[in-house]
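The chain contents come next:
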Amino acid sequence: MGSFSLEGGSSSGGIGSQIGFIWEQTREPVMVPLLKLMVTACLTMSVMLFVERVYMGIVIAVVKVFGRKPEQRYNWEPMKDDVELGNAAYPMILVQIPMYNEKEVYQLSIGAACGLSWPSDRIIIQVLDDSTDPTIKDLVEMECKRWASKGINIKYEIRGNRNGYKAGALKEGMKHSYVKQCDYVAIFDADFQPEPDFLWRTIPFLVHNPEIGLVQARWKFVNSDECLMTRMQEMSLDYHFTVEQEVGSSTHAFFGFNGTAGVWRFSALNEAGGWKDRTTVEDMDLAVRASLKGWKFLYLGDLKVKNELPSTFKAYRYQQHRWSCGPANLFKKMVVEIAKNKKVNLWKKFYVIYSFFFVRKIVAHIVTFLFYCVVMPATVFFPEVEVPKWGAVYIPSTITLLNAVGTPRSLHLLVFWILFENVMSLHRTKATFIGLLEVGRVNEWVVTEKLGDALKMKPSTKSPKKPRIRIRERIHLLELGVGAYLFFCGCYDFINGKNGFFLYLFFQSIAFFITGFGYVGTFVPNS
């Protein structure tokens, strides 16, 4: 036995020596040049993102200081009564509300849509219910009948399958005979609650400007203060609406349709080829195709529609997967078509391909995770590989400050936002590659869970037993793995390093650990 033990120890030592030998042999000729190459690539992507953010910052500053309001840039005058034509002077509006098992919010969206101010004989509310839960289906149908009994022209539509998900439901809704009489279609997701004057503020732009195909409103978040995660989302989305959408609308009359809180001209929608379910971003797909046909888009930043942010980490992860995978997949499918298009000018094609798609939808996700969570931490093991201060500090700091302009009230949360965005970049990067390579979950569509007032009501309901929380519902191994890597890098840098990266590495690893153990967002057992 003693001989066996000795051999085992010798074998173990031999393996360790072999690993050490391989490391020493590959470190200088392979690892160092590879890491230097990755640092250069990441710095290049950082500069691309930096230039894009500075460009948008300059444009939005010019627009705010010197720019004219939408009512001044385009023909706009309020809709007026016509004595001879009566209500026939008003265009026919279709309002579509696609939903899927929306137990917590269906009454809010249907009620808000039925409360829209417009001549009652010139508007049709169409509820497209793809629910698979028969109880919820019955509740939605009863709600539609309740509004119908009040004289509202509301249609409850179902189909025999969920093919194409939301795009499939919207496309199927267009096939009904009563839709042919409509001029415009307003779309609201199940948690959106437009104000009564929504149509009065959007339709005149479409009526008086035949070149406009889409009018998009801004989102207003009703639950942004629910938890720290919803505050982080508010910061990211406020930048999207305050800067990205406004810049696209002001410079190129193009931006990505947000899938809801917008009004389409039927002729623009049909000319673009209608709804397609080839990606998980059917809204962006339609917007790009319509833009290539020459249609202009208008964004109204002053018109806000209330909606709900996902407050559980599970729901947010699924949403971010769809929002990151879909654009990358669409870019792959459409980049050649955009480049060959003859109807739009070269400058607009460059904007769509480079700025809208490549930098914002691909580079932004990849560089955030690869640089700040993989490459930069790895440099602590290689003193000969340096990350210049402008790339490690100045560029990310400037980008972060530019992002903060969208939500001034959350400036004090900027550090938390940086750490959380880096955590989420793990999922966004993974989803981006899935979209580009068209593998795995490329067409996965999981409807974002809405809680409505459910959480507010639960505390008042006495339950005999506290719900049992399964460990696997809270543990996220990917986040824990990255957290462990960053913590190890931080420890090494603290002991051996000279660049002080360990401060960032420890904080970032803690953020990954907190997320990995499920202590982010609102937690609902079995949600």
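Here, every reference points to the structure presented above.
Novice: Residue-level account of helix 3 (residues 106-114), with values.
Specialist: Extensive coverage of helix 3 is indicated by the burial of seven of its nine residues. For helix 3, the full list of buried residues reads Tyr106, Ser109, Ile110, Gly111, Ala112, Ala113 and Cys114. Summarising the contacts, the buried residues of helix 3 are in contact with strand 1 (93-99), strand 2 (123-129), helix 4 (134-148) and strand 3 (154-157).

Novice: Residue-level account of the nonpolar core, with values.
Specialist: Counting residues in each nonpolar core, the largest one holds 129 residues, and the members touching the most others are Ile110 and Trp264. In terms of residue count, the dominant contributor to this core is helix 11 (residues 346-378) (17 residues). When residues no more than four places from it in sequence are discounted, the contact partners of Trp264 are Asp183, Tyr184, Val185, Ile187, Gly213, Leu214, Phe257, Leu269, Leu286, Ala287, Ala290 and Phe297. Grouped together as the second largest cluster of nonpolar side chains are 13 residues, Met229, Met235, Leu413 and Met424 included.

Novice: Outline the environment of Leu309, listing residues and values.
Specialist: You can see Leu309 is positioned in the loop between strand 7 (296-307) and helix 10 (313-340). Taking the C-alpha atoms as reference points, Leu309 and Leu49, separated by 260 residues in sequence, lie 26 Å from one another. For Leu309, the contacting residues outside a window of four places in its chain are Phe221, Asn223, Ser224, Thr230, Gln233, Glu234 and Leu237.

Novice: Lay out the sheet that holds strand 3 in plain terms, naming residues and giving numbers.
Specialist: A sheet is described by the order of its strands in space; here seven strands give the open sequence 3-2-1-4-6-5-7, paired in mixed fashion. Both edges of this open sheet fall to strand 3 and strand 7, since each of them pairs with a single strand only. Taken pair by pair, the neighbouring strands of this sheet meet at an average axis angle of 20°, ignoring direction. The sheet contacts of helix 4 involve strand 1, strand 2 and strand 3, and relative to strand 3 the element is tilted by about 165°.

Novice: Could you give an account of a nonpolar patch on the surface, with specific residues and numbers?
Specialist: Taken together, the side chains of Val47, Val51, Trp390, Val393 and Tyr394 present a nonpolar region at the surface, about 440 Å² in accessible area. Mapped onto the nonpolar patch, the elements with two or more residues apiece are helix 1 (2-66) and helix 12 (389-404). A per-element tally of the nonpolar patch places helix 12 first, with three residues. Take Trp390: it is sitting in helix 12. Residue classification places Trp390 among the partly exposed positions, given a relative accessible area of 39%.

Novice: Pulling in residues and values, what's your account of the side chain of Thr515?
Specialist: Residue placement: Thr515 occurs in helix 17 (residues 501-516). Taking relative accessible area as the criterion, Thr515 reaches 2% and is therefore assigned buried. Beyond its immediate chain neighbours, meaning those up to four positions away, Thr515 contacts Phe313, Val423, His476, Glu479 and Val520.

Novice: Any chance you could break down helix 9 (residues 282-292) for me, citing the residues and the numbers?
Specialist: Within helix 9, eleven of the eleven residues are buried, leaving the element largely enclosed by the surrounding structure. Restricting attention to buried positions, one finds in helix 9 the residues Glu282, Asp283, Met284, Asp285, Leu286, Ala287, Val288, Arg289, Ala290, Ser291 and Leu292. Within two residues after helix 9, Gly294 carries a phi angle of roughly 100°, on the positive side.

Novice: Which residues make up the side chain of Asn341, and what values go with them?
Specialist: One can find Asn341 in the loop between helix 10 and helix 11. Dropping the residues within four chain positions of it, Asn341 is found in contact with Leu292 and Lys349.

Novice: Account for the pairing of strand 6 (residues 262-265), with residues named and values stated.
Specialist: Side chains Gly262 and Trp264 of strand 6 all project onto a buried face; the interleaved residues Val263 and Arg265 project onto the opposite face, where all are buried too. Across four bridges, the pairing between strand 4 (residues 184-187) and strand 6 is antiparallel. Residue pairing for strand 6: Ile187 is matched across the bridge by Gly262. Relative to strand 6, strand 5 (residues 212-221) runs antiparallel, the two being bridged by three bridges. When the sheet's bridge partners are listed, Gln216 is paired in strand 6 with Gly262.

Cut-offs used in this document
Residues numbered from 1 in each chain as written. Predicted model: local features only at pLDDT ≥ 70, side-chain atom pairs only at ≥ 80, totals over all residues. Heavy atoms only, no water. Buried < 20%, exposed > 50% of the residue type's maximum accessible area, 1.4 Å probe, protein only. Helix = DSSP H or I, 4+ residues; strand = E, 2+ residues; numbered from the N terminus. Contact = heavy atoms within 4.5 Å. Core = buried A, V, L, I, M, F, W, Y, C linked by side-chain atoms within 4.5 Å. Pairing = 2+ DSSP bridges. Axes fitted to C-alpha atoms, helices over the stretch in contact; angles between N-to-C directions. Patch = residues over 30% accessible without salt bridge, like charges linked within 9 Å, V, L, I, M, F, W, Y side chains within 5 Å. Areas by Shrake-Rupley, 256 points an atom, 1.4 Å probe, with all protein chains shown as cover. Salt bridge = Lys/Arg side-chain N within 4 Å of Asp/Glu carboxyl O.

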